[in-house]
Structures are given as structure tokens and as C-alpha cells.
Amino acid sequence: MTDHDRDAVLHAVHQVLQARKGADPSSSYVAGLYGKGLDTILKKVGEEATETVIAAKGGDRDQVVYETADLWFHTLVMLAALDLGPADVLAELERRFGLSGLDEKASRSS
Ligand SMILES: N=c1c2ncn([C@@H]3O[C@H](COP(=O)(O)OP(=O)(O)OP(=O)(O)O)[C@@H](O)[C@H]3O)c2ncn1[C@@H]1O[C@H](COP(=O)(O)O)[C@@H](O)[C@H]1O
């Protein structure tokens with residue numbers, strides 16, 4: 001999988017989360033989170049952050065990856081609840097790392 005494909009994963013997850021926002025809360029885990037509201041979502045983000053820290057301290061690499069996936073997932077749920085998405089965060093990271101215009105640079109050098 002290329003970096004570009006991985007970028008697409010975040011956007012695909014975001015599309016699923018957006019669809020769950022309008023779904024019956026009893027129909028799925030994510031729809032249930034949106035039904036319970038922002039405070040419940042933020043509590044999950046906090047729990048997952050703690051579980052990630054515990055995993056990192058424990059040093060099991062698979063567990064760190066698993067818990068980090070849970071954390072990223074729940075932060076994506078949070079962003080969608082606030083009508084934000086991965087594109088907003090990626091744009092901020094691009095700005096910080098001076099990567100703006102990366103696509104144009106890549107196409108010029110290919
Ligand atoms: N990627 C995920 C995902 N990652 C984590 N989780 C859930 O996040 C929760 C993690 O909570 P915990 O670590 O506290 O584990 P737990 O004790 O089992 O969970 P709780 O009882 O505390 O909620 C678990 O219930 C996981 O199932 C996820 N739930 C759903 N997805 C995907 O999101 C998409 C939409 O999901 P649904 O809305 O369920 O269709 C699907 O593609 C799913 O595979």
C-alpha cells in the first residue's frame with residue numbers, strides 16, 4: 001500500500017463515520033456514540049489515550065499499534081462530531097512540516 005493509499009484510508013473511515021451520524025443509534029457502535037453525544041465521545045478519547053500510554057509503557061509493539069488504532073479511530077469520531085475531519089488535521093501537519101504543495105512538487109519531479 002502506498003502512502004497515498006493510506007491517506008485514502010483516513011478519508012474512507014471519515015465517510016463511514018459521517019454516514020453513522022445520521023443513523024439510528026441502536027444500529028451500530030458508532031451510531032450509538034453519536035446518539036450519546038460529545039461528552040461520551042470525549043470520554044472514549046480519554047480512555048483510549050490512557051490505554052495507549054499503558055500499552056507503550058508495557059512495550060508490546062502489537063498492543064501499542066492496536067491501542068493507537070483505537071485512539072485514532074475515536075479521535076476521528078470526535079472530529080466528525082465537530083464537523084471536522086482528517087483533511088483538517090493533515091492540512092495542519094502539512095503546514096507545520098512545510099509540506100504544502102507536496103502533490104505539485106511530486107508531479108513536477110515525476
Ligand atoms: N474501527 C472501529 C473501531 N475501533 C475501535 N472500536 C470500538 O471501540 C471500542 C473500544 O473500547 P474499549 O477499548 O474500551 O473496549 P471495550 O471495553 O470492548 O469497549 P466499551 O465497552 O468500553 O465500549 C470497542 O467497542 C471497539 O469495538 C471500533 N468500532 C468500530 N470500528 C469500525 O468502524 C466502522 C463502523 O462501525 P459500526 O458503527 O459499529 O458499524 C466499522 O468498519 C468498524 O469496523
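Given the structure is predicted, the values throughout are model-derived calculations rather than measurements. (Residues numbered from 1 in each chain as written. Predicted model: local features only at pLDDT ≥ 70, side-chain atom pairs only at ≥ 80, totals over all residues. Heavy atoms only, no water.)

## Here we look at helix α4 (residues 61-81)
As a reminder of what qualifies: By definition, any uninterrupted DSSP run of H or I lasting at least four residues is a helix, any uninterrupted run of E lasting at least two residues is a strand, and each is numbered from the N terminus. By definition here, a helix of n residues has an expected span of 1.5 Å times n minus one. Exposed residues in this analysis have more than 50% of their type's maximum accessible area, buried residues have under 20%, and partly exposed residues fall in between, with area computed by a 1.4 Å probe over protein chains only. Any pair of nitrogen or oxygen atoms within 3.5 Å is treated as a polar contact; in protein, a donor-acceptor pairing is required on top of that, and neighbouring residues in sequence qualify only through side-chain atoms on both sides.
For α4, which comprises 21 residues, the first-to-last C-alpha distance of 30 Å matches the rise-based estimate of 30 Å (1.5 Å per residue) to within 8%. When α4 is considered as a whole, its buried residues turn out to be Glu 67, Thr 68, Leu 71, His 74, Leu 76, Val 77, Met 78, Leu 79 and Ala 80. The opening residue of α4 is Asp 60, an N-cap whose side-chain oxygen sits 3.0 Å from the backbone nitrogen of Asp 62. Two residues or fewer after α4 comes Asp 83, characterised by a positive phi angle close to 60°.

## With respect to the site of the ligand
Rules: It suffices for a single heavy atom of a residue to lie within 4 Å of a molecule or strand for the residue to be listed as near it. Computed with a 1.4 Å probe, the accessible areas rest on the Shrake-Rupley method; for each residue, only the protein chains presented here act as cover. Residue type decides the class: Asp, Glu, Lys and Arg count as charged, Ala, Val, Leu, Ile, Met, Phe, Trp, Tyr, Cys and Pro as nonpolar, and the leftover types, Gly among them, as polar.
As a structural note, the neighbourhood of the ligand is formed by Val 16, Arg 20, Ser 28, Tyr 29, Val 30, Lys 44, Glu 48, Glu 51, Asp 70, Phe 73 and His 74. One of the side-chain nitrogen or oxygen atoms of Tyr 29 is found 3.3 Å away from an oxygen atom of the ligand. Asp 70 is positioned such that a nitrogen or oxygen atom in its side chain is 3.4 Å from a nitrogen atom of the ligand. Here the ligand loses 47% of its free accessible area of 810 Å² to cover by the protein chains. Of all elements in the fold, only α1 (3-21), α2 (29-36), α3 (38-58) and α4 reach the threshold of two or more residues within the shell around the ligand. Of the residues assigned to the shell around the ligand, the class counts are four nonpolar, two polar and five charged.

## So, the nonpolar core
This is how the line gets drawn: Put simply, buried Ala, Val, Leu, Ile, Met, Phe, Trp, Tyr and Cys residues joined by side-chain atoms within 4.5 Å make one nonpolar core. Contacts: residue pairs with any heavy atoms within 4.5 Å of one another.
Grouped together as the largest cluster of nonpolar side chains are twelve residues: Leu 17, Val 30, Leu 33, Tyr 34, Ile 41, Val 45, Leu 71, Leu 76, Val 77, Met 78, Leu 79 and Ala 80. Mapped by element, the contributors of at least two residues to this core are α2, α3 and α4. Ranked by the residues each element gives to this core, the list is headed by α4, at six residues. Apart from residues lying up to four places away in sequence, Val 45 is in contact with Leu 71, His 74, Thr 75 and Met 78.

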